[in-house]
Amino acid sequence: MEVADVEEQVSRATELGKLVTRLQQERSEVAFFIFTNGSTLRSNLTQRFAGTDSALQQMGELPPLVFKNRHTPVDETTFLAELSDLRAKINPGTSMAQAVEWYTNANAALLTHLTKEIKDTDSSTIWRYLVGFKNLLRSIECKGIASVLGINYFARGYLQPRAHERYISHMVLGRDLLDNTMNLVPSLIPLHMDIKEDSPEYQVLERINQQIVENKHQEGSVSDAIEYFDQTATLLDKLRAVQKQLREYIRDGVNESLRDARRSEAVCAGILVLVCVVSPIIIALVRNAVNTIQIYARNLSEKAKELEYEKELSDSLLYQMLPATVAKQLKQTQQVPAEFFASVTVYFSDIVGFTAIAAVSTPYQVISFLNSVYKLFDERIECYDVYKIETIGDSYMVASGLPVRNGNKHATEIASMALELLEATSMCRLPHRPDQTLCMRSGIHTGPCVAGIVGTKMPRYCLFGDTINTASRMESTGEPMKIQISDDVKRALDRTGLFVTAPRGVVDVKGKGEMMTHWLEGRTGPSPVRPHTSSLDCTPSFLTRIHSQRSSPRYRPESNRSN
């Protein structure tokens, strides 16, 4: 269907080209007749009119044409009427400008319609030939208009400035369009070269055209006009022979495309028969392949869920050892630079009499006891914006305001957490010594510090600075079941008005000298209601969460669900 469409397009373009050629020849004869005052030395206008009428009949229905400076298209009836009227008025006294202008406008409208007929769909050979054909027609049209003006020059001896300008523009445009045709259809170059080298009138016309371009005044000569007209007409006829050869190229290309289309149709029919024969085998093979892929995909899905569970397990374990933000940055960049924090609050605590407890307990009992206590603490601190730094023996260290800054909330978060941990400690009993109650000593200090990852074999998130040392001294110089805070912490808590403190007095702190300290006794309002755990379970809390997720239907394999 595409090739048939191209063939129809080529036929329309060819017929339009023939009509344009006939109108060009008729215009030249009419111009010659008027300029030479009715000379019929070269041809008979009646025969030229008959050639144009024959081309119009071969065209069939003439499409609506858009003439220059007209608002409505010219239909076939109007076109024929205007052409007949113009022919009837032609005589030696007819206005040259009016007659030539109508032919020029008609050819321009036909060439514009030809351009629309040539659909710019691809860069195939036929498309290039059609565009070259159109450009060659335009080139002949421009050269024909220039020849009319050239006849005027030799007949009158001089061109008016406007006519001289039009002559130069049409000559240049005709030459450019001809060169463009040669670029689009390189096979026409030898024919064009033969015209340039073997045609004597070509060299003569080059010289004459240069004379017209110079536009020097001279005596008008009908014989010079006739000679120029004959030479120009001969050259244009040779260009029309090139145009005819291009039409043959287009025909050959379309016929070859039709043959290729028929061959492709036969090949496609053979392939269709082959597919119909082989399709049952292909369907069986595809079905087996699909079943295999489904089994593989099901197994892969189960493995992916197990891998997701293992990844969450490892990530949860990693986030217990390092802050989540720091751990993600460490996994992505393999390095985390140390960071300065202008104000954080650090909490230290240890178990009073731990040495005596350890002395009368087995190692397993000590480890179980510490693990159960710290698990209780870990569950409680998850309700606050704090980060557990580490535990060393019976010492418990927590900080707020890092690694994610929280403004001025760090002091109140640590204070609320410390009060809740102290309350939870008073409710704890040793599993192997139920008659003995735990006693906790705590200390808090606020100030600047530097935090970062230390080590590569077993990296840890560590804090450095005088703030950490001072917080440790607040704990070590404190008293059992009391929370000692520094003066900086008291000022931060007083700004909130939510906590009750009592002055302890001046304490001699190692490495710091005498410091004014206070006791944190409670809150001014009720404490937040939180669930309490009375039993001391030794299972880590993060493992408890993961095991509960593992038991949910999301992580249950398909086979177990069906069972």
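What counts, and where the lines are drawn
Residues numbered from 1 in each chain as written. Predicted model: local features only at pLDDT ≥ 70, side-chain atom pairs only at ≥ 80, totals over all residues. Heavy atoms only, no water. Helix = DSSP H or I, 4+ residues; strand = E, 2+ residues; numbered from the N terminus. Buried < 20%, exposed > 50% of the residue type's maximum accessible area, 1.4 Å probe, protein only. Contact = heavy atoms within 4.5 Å. Areas by Shrake-Rupley, 256 points an atom, 1.4 Å probe, with all protein chains shown as cover. Salt bridge = Lys/Arg side-chain N within 4 Å of Asp/Glu carboxyl O. Phe/Tyr/Trp six-rings, centres within 6.5 Å; stacked < 30°, edge-to-face > 60°. Pairing = 2+ DSSP bridges. Core = buried A, V, L, I, M, F, W, Y, C linked by side-chain atoms within 4.5 Å. 1 Å grid on protein atoms, 1.4 Å probe; cavity = no way out; pocket = protein on both sides within 12 Å on 5 of 7 lines; lining within 4 Å. Points joined across faces, edges and corners; volume = space filled by probe spheres on them. Nonpolar A, V, L, I, M, F, W, Y, C, P; charged D, E, K, R; others polar. pLDDT = per-residue confidence, 0-100. Expected span 1.5 Å × (residues − 1). Axes fitted to C-alpha atoms, helices over the stretch in contact; angles between N-to-C directions. Parallel < 35°, antiparallel > 145°, perpendicular 65-115°, else oblique.

Visitor: Can you help me understand the overall build of the protein in this one?
Guide: Secondary structure summary: the protein contains 17 helices and ten strands in total. By residue count, 43% of the 563 residues in the protein fall in the buried class. Taking the contacts inside the protein whose residues are at least 6 apart along the sequence as the reference set, 73% of them involve residues at least 24 apart. Accessible area of the protein: about 30,000 Å², with a carbon and sulfur share of 55%.

Visitor: What's the story with the pattern of salt bridges in this structure? I'm lost.
Guide: Side chains that differ in charge, positive against negative, can pair when their charged atoms come close. Considering all chains together, one arrives at 22 salt bridges under this definition. In this structure, K216 engages E214 in a salt bridge whose closest nitrogen and oxygen atoms are separated by 3.8 Å. Between R405 and E339 there is a salt bridge, with its nearest N and O atoms 2.8 Å apart. You can see R405 sitting in the loop between β3 (395–400) and α13 (410–426) and its partner E339 sitting in strand β1 (residues 339–351), a full 66 residues away along the chain. The exposure class assigned to E339 is partly exposed, which follows from its relative accessible area of 32%.

Visitor: Even after reading the chapter, I still don't get the packing of aromatic side chains, so can you show me in this structure?
Guide: The way to describe two aromatic rings as a pair is by their centre distance and the angle between their planes. Considering all chains together, one arrives at ten aromatic pairs under this definition. The interplanar angle of 45° and the centroid separation of 6.1 Å between the aromatic rings of F67 and W102 together place this pair among those described as tilted. Here W102 lies in helix α4 (residues 96–117) and F67 lies in the loop between α2 (45–59) and α3 (76–89), a separation of 35 residues in the sequence. Residue F67 is classed as buried on the basis of its relative accessible area of 2%. Residue classification places W102 among the buried residues on the basis of a relative accessible area of 10%. Pairing Y153 with F154 gives two aromatic rings, centres 5.2 Å apart and planes at 75°, and the pair type is edge-to-face. The same class applies to Y153 and to F154, which are both buried. An aromatic cluster of three or more residues is present, and its members are F67, F79, W102 and Y103.

Visitor: Looking at this structure, how should I read the side chain of S147?
Guide: Inspection of the secondary structure assignment puts S147 in helix α5 (residues 125–156). Each residue touching S147, except ones within four places of it in the same chain, is listed here: S28, Y228 and T232.

Visitor: Teacher, can you tell me more about the pairing of strand β2 (residues 387–392) here?
Guide: Remark: a regular strand shows side chains that alternate across the two faces of the sheet. Here β2 pairs with β3 via five bridges, running antiparallel. When the sheet's bridge partners are listed, K388 is paired in β3 with V398. Connecting the antiparallel pair β2 and β3 is a turn made up of two residues, with G393 showing a positive phi of about 65°.

Visitor: How should the nonpolar core be read in this particular structure?
Guide: Among soluble globular proteins, nonpolar side chains are generally buried collectively. By size, the foremost hydrophobic cluster in this structure holds 76 residues, and its most contacted members are F79 and Y103. Those elements that place two or more of their residues in this core are α1 (2–35), α2, α3, α4, α5, α6 (161–184), α8 (200–214) and α9 (222–321). The element contributing the most residues to this core is α5, with 16 residues. Not counting chain neighbours up to four residues away, the residues in contact with Y103 comprise L23, E26, R27, V30, F49, L83, L86, R87 and I90. The next biggest cluster of nonpolar side chains, apart from the first, holds 37 residues, and it includes I381, L430, I483 and V489.

Visitor: I would appreciate a short explanation of the layout of surface pockets in the present structure.
Guide: Of the volumes computed, that of the second largest pocket is approximately 600 Å³. The wall of the second largest pocket is formed by 24 residues, among which E101, T104, I145, R166 and H170 lie closest to the centre. A per-element tally of the lining of the second largest pocket places α4 first, with nine residues. When the residues that make up the lining of the second largest pocket are grouped by side-chain class, the tally is twelve nonpolar, six polar and six charged.

Visitor: So what exactly am I meant to see when it comes to the confidence of the model for the protein here?
Guide: Detailed reading of the predicted coordinates is not advisable wherever pLDDT is low. On average, residues of the protein score 80 in pLDDT, and 88% of them reach the 70 mark or higher. Scored below 50 in pLDDT, residues 530–543 shows 29 contacts in the model against residues more than four places distant or in partner chains.

Visitor: Is there a simple way to think about α5 in this case?
Guide: Residues that lie three or four places apart on an α-helix share one face, since the helix turns once every 3.6 residues. Its 32 residues place the ends of α5 46 Å apart at the C-alpha level, agreeing with the 46 Å of an ideal helix rising 1.5 Å per residue. Directly beyond the C-terminal end of α5, a positive phi value near 85° is found at G157.

Visitor: Teacher, can you tell me more about the packing of α2 against α3 here?
Guide: How two helices sit against one another is set out by the angle between their axes and by the gap between those axes. The interhelical angle for the contact between α2 and α3, taken along N-to-C directions, is 175°, at an axis separation of 13 Å. With respect to α3, the element α2 is oriented roughly antiparallel. Contacts between α2 and α3 involve F49, T52, D53 and L56 on the former and, on the latter, F79, L80, L83 and R87. Its residues placed into classes, the contact of α2 with α3 shows five nonpolar, one polar and two charged.

Visitor: Just checking my understanding: could you explain the environment of R138 for this structure?
Guide: Tracing the backbone through its elements, the reader meets R138 in helix α5. With 35 residues separating them along the chain, R138 and L173 place their C-alpha atoms 8.8 Å apart.

Visitor: Just checking my understanding: could you explain unusual backbone geometry for this structure?
Guide: Negative phi is the rule for most residues except glycine; trans is the rule for most peptide bonds. With an omega dihedral of -5°, the bond running from L402 to P403 counts as a cis peptide bond. Residue placement: P403 occurs in the loop between β3 and α13. Of note in this structure, N215 is not a glycine but carries a positive phi near 55°. Structurally, the position occupied by N215 is in the loop between α8 and α9. Here the phi dihedral of M481 falls at roughly 60°; this positive angle occurs in a residue that is not glycine. Within the secondary structure layout, M481 lies in the loop between α14 (466–476) and β8 (482–486).

Visitor: Would you take a moment to explain the environment of C462 for this structure?
Guide: By the secondary structure assignment, C462 is in strand β7 (residues 460–464). Take C462: its relative accessible area is 21%, and that puts it in the partly exposed class. Distance in space between the C-alpha atoms of C462 and V450 is 8.5 Å, their sequence separation being twelve residues. Leaving out residues up to four positions away in the same chain, C462 has contacts with V450, A451, G452 and V454.

Visitor: Got a minute to help me understand the pairing of strand β9 (residues 499–509) in this structure?
Guide: Of the strand pairs in this sheet, β9 and strand β10 (residues 513–523) are connected by ten bridges, and their pairing is antiparallel. Paired with V506 across the two strands is M516, which belongs to β10. Counting the residues between successive antiparallel strands, the hairpin from β9 to β10 contains three residues, one of them, G511, with a positive phi of roughly 85°.

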